[in-house]
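Observations on chain architecture
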Amino acid sequence: MNIWLLVGIALLAWDIYEIFTGSTWIHRKVMRAKEPALYWIMISIWTILALWAIYVGLT
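Below, the structure is looked at part by part. If you're wondering where the values come from, they're calculated on a predicted model, not measured in any experiment.

So, on to helix H2 (residues 36-58). For H2, with 23 residues, the first-to-last C-alpha span of 33 Å sits near the 33 Å given by 1.5 Å per residue. Turning to H2, its buried residues number three or more, namely Tyr39, Met42, Ile43, Ala50, Ala53, Ile54 and Gly57. The inward-facing, buried residues of H2 abut helix H1 (3-21), strand E1 (23-25) and strand E2 (29-31).

Another point: the pattern of salt bridges. One pass over the structure, following the stated rule, counts one salt bridge. When the shortest N-O distance is used, the salt bridge between Arg28 and Glu35 registers 2.9 Å. Judged by its relative accessible area of 27%, Glu35 falls in the partly exposed class.

All right, on to the environment of Ala50 then. Residue placement: Ala50 occurs in helix H2. Judged by relative accessible area, which is 0%, Ala50 ranks as buried. Along the backbone, Ala50 and Thr24 are 26 residues apart, and their C-alpha atoms lie at a distance of 15 Å. Contacts of Ala50, omitting those with residues within four sequence positions, involve Gly8, Leu11 and Leu12.

Attention now moves to the environment of Thr59. Note that Thr59 resides in the segment after H2. Between the C-alpha atoms of Thr59 and Asn2, which are 57 residues apart in sequence, the distance is 9.2 Å. Of the polar contacts made by the side chain of Thr59, one reaches the backbone oxygen of Val56; its length is 3.2 Å.

This next bit is on the side chain of Asp15. With respect to the helices and strands, the residue Asp15 is situated in helix H1. Ignoring any residue separated from it by four or fewer positions in sequence, one finds Asp15 in contact with Ile43, Trp46 and Thr47.

Rules used throughout
Residues numbered from 1 in each chain as written. Predicted model: local features only at pLDDT ≥ 70, side-chain atom pairs only at ≥ 80, totals over all residues. Heavy atoms only, no water. Helix = DSSP H or I, 4+ residues; strand = E, 2+ residues; numbered from the N terminus. Expected span 1.5 Å × (residues − 1). Buried < 20%, exposed > 50% of the residue type's maximum accessible area, 1.4 Å probe, protein only. Contact = heavy atoms within 4.5 Å. Salt bridge = Lys/Arg side-chain N within 4 Å of Asp/Glu carboxyl O. Polar contact = N/O pair within 3.5 Å; in protein donor to acceptor, adjacent residues only side chain to side chain.

Pasting the structure below:
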């Protein structure tokens, strides 16, 4: 099993957890209730990174 596949799965799990908790981290905590645009931008970046890692791990 490729390490990138494991990294992608871990990042995707972390991303799903952050969606349920409503907060994510950059250099500080970003709350969905207070800064929704920045929150969803960060969630999108983490999701793209996780899917990329899974893709690389499968190829």
